[in-house]
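Structure at a glance
What follows is the residue order along each chain.
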Amino acid sequence: KVLALDLDNTLWGGVIGDDGMTGIEIGGTHPRGEAFKQFQLAIASLAQRGVILAVCSKNDYKNAAEPFEKHPEMVLRLKDIASFQANWEPKSENLRRIAQELNLGLDSIVFVDDNPAEIEIVKQFVPEIETIWLGPDPAEYASQLLNCRLFEPRSITDDDLKRGEQYQQQAARAQAMNSGTDMEA
């Protein structure tokens, strides 16, 4: 499975584009921030079991990537994300891009967002994708994710444990091939 994550008010409190890195809530620096950090720890535990992580956010890429690169309280880093779609395109289209980039079916994706309108749009335009609406209380996000039963494996192999890294490498190869301007490049 692929866990596709929204960012603002999902992985951290606040809106990175408006609040900046010092204004987002994550970790012990903010009262609600610890709940977001616990959610990231839950996500990291799924990644350790072979769940592939992706980002699907309406954001400027630079703003969206900055906390992954520089915020000291972030559990997740860019190296953990196999596909990072942060732009102003509809999330349904970005989820299609994630599936294409990772060469997986849409039914392999679980999309998580705090915004019920975004969840409904994805349900309408990409019904093959499972969705989880997180609701208003970030203190419940980790248990919601871990108790959803969408990521329960029958068994875990060594290949499962390496799967996230393999898909990250595949996505990097696909991106490199698409960046060439001619056949020789």
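Above this text sits the structure in question.
A brief look at the structure comes next. Every value quoted in this text rests on a predicted model; they were computed, and no experiment measured them.

**Notes on the environment of P72**
Along the polypeptide, P72 turns up in the loop between α3 (61-70) and β3 (81-87). Residue classification places P72 among the exposed residues on the basis of a relative accessible area of 70%. Along the primary structure P72 and G27 are separated by 45 residues, whereas in three dimensions their C-alpha atoms are 8.8 Å apart.

**What about the pairing of strand β2 (residues 52-58)?**
Here is the key point about a regular strand: its side chains alternate between the two faces of the sheet. Of all the seven residues making up β2, six are buried; the element is thus mostly covered by neighbouring parts of the structure. By the bridge criterion, four bridges tie strand β1 (residues 2-5) to β2 in an arrangement that is parallel. From the neighbouring strand, L3 faces β2, where its bridge partner is L53. As paired strands, β2 and β3 are joined by six bridges and run parallel to one another. Counterpart to K58 in the pairing with β3 is N87. Taking the sense of rotation as the criterion, the β-α-β connection linking β2, α3 and β3 turns out right-handed.

**Topic: the packing of aromatic side chains**
Each aromatic ring pair is described using two quantities: the centre-to-centre distance and the angle formed by the ring planes. Within the structure shown, the criterion is met by five aromatic pairs. Relative to F68, the ring of W12 lies with its centre 6.1 Å away and its plane at 70°, an arrangement referred to as edge-to-face. Taken together, the residues W12 in the loop between β1 and α1 (16-23) and F68 in helix α3 connect sequence positions 56 residues apart. Here W12 matches F68 in class, with each residue buried. Between F36 and Y141, the aromatic rings sit 6.0 Å apart at their centres with planes inclined by 80°, giving edge-to-face as the arrangement. Here Y141 lies in helix α6 (residues 141-146) and F36 lies in helix α2 (residues 33-48), a separation of 105 residues in the sequence. The same class applies to F36 and to Y141, which are both buried. Here a set of aromatic residues connected by ring pairs shows up, and it is made of W12, Y61, F68 and F84.

**Details of the sheet that holds strand β4 (residues 109-113)**
The strand order across the open sheet built from five strands is β3-β2-β1-β4-β5, with neighbouring strands paired in parallel fashion. Each end of this open sheet is capped by a strand with a single partner; those strands are β3 and β5 (130-133). Taking each pair of neighbouring strands and ignoring which way they run, the sheet shows an average axis angle of 20°. Sheet strands touched by α3: β2 and β3. Its angle to β3, the strand with the most contacts, is close to 140°. Its contacts with the sheet put helix α5 (residues 116-125) on β2, β4 and β5, and the angle it makes with β5 is roughly 170°.

**With respect to unusual backbone geometry**
Of note in the backbone geometry, N103 takes a positive phi value of approximately 55° without being a glycine. Of note in this structure, R149 is not a glycine but carries a positive phi near 70°. Relative to the helices and strands, R149 is located in the loop between α6 and α7 (158-179). With a relative accessible area of 61%, R149 lands in the exposed category.

Conventions adopted
- Residues numbered from 1 in each chain as written.
- Predicted model: local features only at pLDDT ≥ 70, side-chain atom pairs only at ≥ 80, totals over all residues.
- Heavy atoms only, no water.
- Helix = DSSP H or I, 4+ residues; strand = E, 2+ residues; numbered from the N terminus.
- Buried < 20%, exposed > 50% of the residue type's maximum accessible area, 1.4 Å probe, protein only.
- Pairing = 2+ DSSP bridges.
- Right-handed = clockwise from strand over helix to strand, strands pointing away.
- Phe/Tyr/Trp six-rings, centres within 6.5 Å; stacked < 30°, edge-to-face > 60°.
- Axes fitted to C-alpha atoms, helices over the stretch in contact; angles between N-to-C directions.
- Contact = heavy atoms within 4.5 Å.

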